[in-house]
Amino acid sequence: MLSRLAESFFWIGRYVERAESTTRLLQEHHQLLVEDRTVSEGAGTAIVLEALSMPHAHVSTRAQFIDAVVGTEAEASTVMGAVFAARENARAVREVLAGEVFESLNSTYLLLNRRNVPSKNPGASLHQILERLLVVNGSFEWEMSRDESYLFWTIGRALERIDMTARLLNLRHEELWFEAGPTTTLRAAAAVTPFLRTGYALVPDEVRAFLVLNGEFPRSMLRSAATAEEAVRGLERQGVTGSEELLREIGRMHSALEFADRDADRTIINSLIEQTQQSAARASELASEAFFRQTGTIVWSH
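Draft legend 1. Structural context of the overall build of the protein. Tallying secondary structure elements over the protein gives 14 helices and 0 strands in all. Along the chain direction, N to C, the helices and strands of the protein fall in the order α-α-α-α-α-α-α-α-α-α-α-α-α-α. Over its C-alpha trace the protein gives a radius of gyration of 19 Å, about what one expects of a compact globule, namely 19 Å for 302 residues. On the principal axes, the C-alpha backbone points of the protein span a range of 55 × 50 × 35 Å. Within the protein, the proportion of its 302 residues that are buried is 55%.

Draft legend 2. Broad picture of the packing of aromatic side chains. A full pass over the atoms with the stated rule returns 12 aromatic pairs. With 5.6 Å between their ring centres and 45° between their planes, Tyr150 and Trp153 make a pair best called tilted. Pair noted here: Tyr150 and Trp153 are both in helix H7 (residues 148-170), with a separation of 3 residues, about one helical turn. A relative accessible area of 12% places Tyr150 in the buried class. For Trp153, a relative accessible area of 2% puts it in the buried group. Within the aromatic cluster, the residues linked to one another by ring pairs are Phe10, Trp11, Tyr15, Phe152, Phe291 and Phe292. Sitting over the ring of Tyr200, Arg262 keeps its end group 4.1 Å from the ring centre.

Draft legend 3. Seen up close, the nonpolar core. Judged by nonpolar contacts, the single largest core of 98 residues is most densely connected at Leu97, Leu211, Val212 and Leu257. For Leu257, the residues in contact, after removing those within four places along its chain, are Val212, Leu213, Met221, Leu222, Ala225, Leu272 and Thr276.

Draft legend 4. How the structure looks around H7. For H7, which comprises 23 residues, the first-to-last C-alpha distance of 33 Å matches the rise-based estimate of 33 Å (1.5 Å per residue) to within 8%. The element H7 is extensively covered by neighbouring structure, given that 21 of its 23 residues are classed as buried.

Draft legend 5. Highlighting the pattern of salt bridges. Going through the model one piece at a time under the given rule, you end up with 23 salt bridges. With a closest N to O distance of 3.0 Å, Arg161 and Glu17 form a salt bridge. Taken as a pair, Arg161 in helix H7 and Glu17 in helix H1 (residues 3-35) lie far apart in primary sequence, 144 residues in all. On the basis of relative accessible area, Arg161 is assigned to the buried category, the value being 11%. You can call Glu17 buried: its relative accessible area is 1%. We note a salt bridge from Arg24 to Glu20, for which the minimum N-O separation is 3.2 Å. Linking Arg24 with Glu20, this pair stays in helix H1, spanning 4 residues, or about one helical turn. Judged by its relative accessible area of 13%, Arg24 is buried. Each of Glu17, Glu20, Arg24, Arg161 and Arg219 takes part in a single network of salt bridges with overlapping partners.

Draft legend 6. Representation of the packing of helix H5 (residues 99-114) against helix H6 (residues 123-143) in the model. At a closest axis distance of 8 Å, the pairing of H5 and H6 adopts a crossing angle of 170°. Our classification of the angle between H5 and H6 gives roughly antiparallel. On H6, the residues touching Glu100, Val101, Ser104, Leu105, Ser107, Thr108, Leu111 and Leu112 of H5 are Gln128, Ile129, Arg132, Leu133, Val135, Val136, Ser139, Phe140 and Glu143. Residue classes in the contact of H5 with H6 are distributed as 9 nonpolar, 5 polar and 3 charged.

Draft legend 7. Fine view of the packing of helix H11 (residues 204-213) against helix H14 (residues 266-291). The geometry of H11 relative to H14 is characterised by a closest axis approach of 10 Å and an angle of 35° between their N-to-C directions. At the point where H11 passes H14, the crossing takes the left-handed sense. Between H11 and H14, the residues in contact are Asp205, Arg208, Ala209, Val212 and Leu213 and Arg266, Ile269, Asn270, Leu272 and Ile273, respectively. A breakdown of the residues in the contact of H11 with H14 according to their chemical character gives 6 nonpolar, 1 polar and 3 charged.

Draft legend 8. Spatial organisation of the side chain of Thr165. Tracing the backbone through its elements, the reader meets Thr165 in helix H7. A relative accessible area of 8% means that Thr165 is categorised as buried. Engagement of the side chain of Thr165 in a polar contact is seen with the backbone oxygen of Arg161, the distance being 2.8 Å. The residues touching Thr165, leaving out its near neighbours within four places in the chain, are Leu211, Arg219 and Met221.

Draft legend 9. Expanded view of unusual backbone geometry. Positioned with a positive phi, Arg172 is a non-glycine residue whose angle comes to about 55°. Following the sequence through the fold, Arg172 ends up in the loop between H7 and helix H8 (173-176). Exposure remark for Arg172: the relative accessible area of 26% places this residue in the partly exposed category.

How each quantity is defined
- Residues numbered from 1 in each chain as written.
- Predicted model: local features only at pLDDT ≥ 70, side-chain atom pairs only at ≥ 80, totals over all residues.
- Heavy atoms only, no water.
- Helix = DSSP H or I, 4+ residues; strand = E, 2+ residues; numbered from the N terminus.
- Rg over C-alpha atoms; globule rule 2.2 N^0.38 Å.
- Buried < 20%, exposed > 50% of the residue type's maximum accessible area, 1.4 Å probe, protein only.
- Phe/Tyr/Trp six-rings, centres within 6.5 Å; stacked < 30°, edge-to-face > 60°.
- Lys NZ or Arg CZ within 6 Å of the ring centre and 35° of its normal.
- Core = buried A, V, L, I, M, F, W, Y, C linked by side-chain atoms within 4.5 Å.
- Contact = heavy atoms within 4.5 Å.
- Expected span 1.5 Å × (residues − 1).
- Salt bridge = Lys/Arg side-chain N within 4 Å of Asp/Glu carboxyl O.
- Axes fitted to C-alpha atoms, helices over the stretch in contact; angles between N-to-C directions.
- Parallel < 35°, antiparallel > 145°, perpendicular 65-115°, else oblique.
- Nonpolar A, V, L, I, M, F, W, Y, C, P; charged D, E, K, R; others polar.
- Left-handed = near helix turned anticlockwise from the far one by under 90°.
- Polar contact = N/O pair within 3.5 Å; in protein donor to acceptor, adjacent residues only side chain to side chain.

This is the structure we're talking about:
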């Protein structure tokens, strides 16, 4: 497989996951700010922007918060920027991308580009954007052959999911909103029903442990690490060489999570979150070094 194709599929996976996770977080956190006025808008918006590595010095209201996180095409950490970057990468591999995958991604971009998200009442618009992103993921799952392109997309999505879950947990909703915080965290990860089915108490420590160490929930750190490892091994089975260092890094990350104590105290859980996020970043760099083009090419904004 050409390195430019592998790189584009990897980043399509990352950007689509980033857009979806950021949209969920924006939707749920905005609702929290509306319903619970015990925390000022300035403080409530700053913690999200800081977790997403976005500037927040001039953001102090909910309206400014919506505008900042929806963002522009030039800012890849925002919803608009991530969708635009995914679409640009999809255009680069359109000859090998299933038609409905590109069409669903393009329609998501056009929805964002033509219809501004109203800053006063963004709920319906954000829900529509989220639905379109779910169609993108569904189209990819249903229509793409399980070849190298699918595996690179899966690795990118899994690593981004680890990073976004870590950012969500680093918000520590429960510290400012003790009662509503745990539920908001779960809703932002689409995890309310899966968590309730476990029978664990709806308290901060149990929520954090679930999103880090649950092996069945697809957005948990453990399940995402396992998915990434399975995809790298899939590349090896298909004869793709050069993945040894990447597999070693992801394997260590997976093992650290799999053999962690489910009842560990919050200090250990917090350490696992930090270590796993750092390991995912190293794995992304190793994937780039092993598989992607290095010189004389277009540099995408990651």
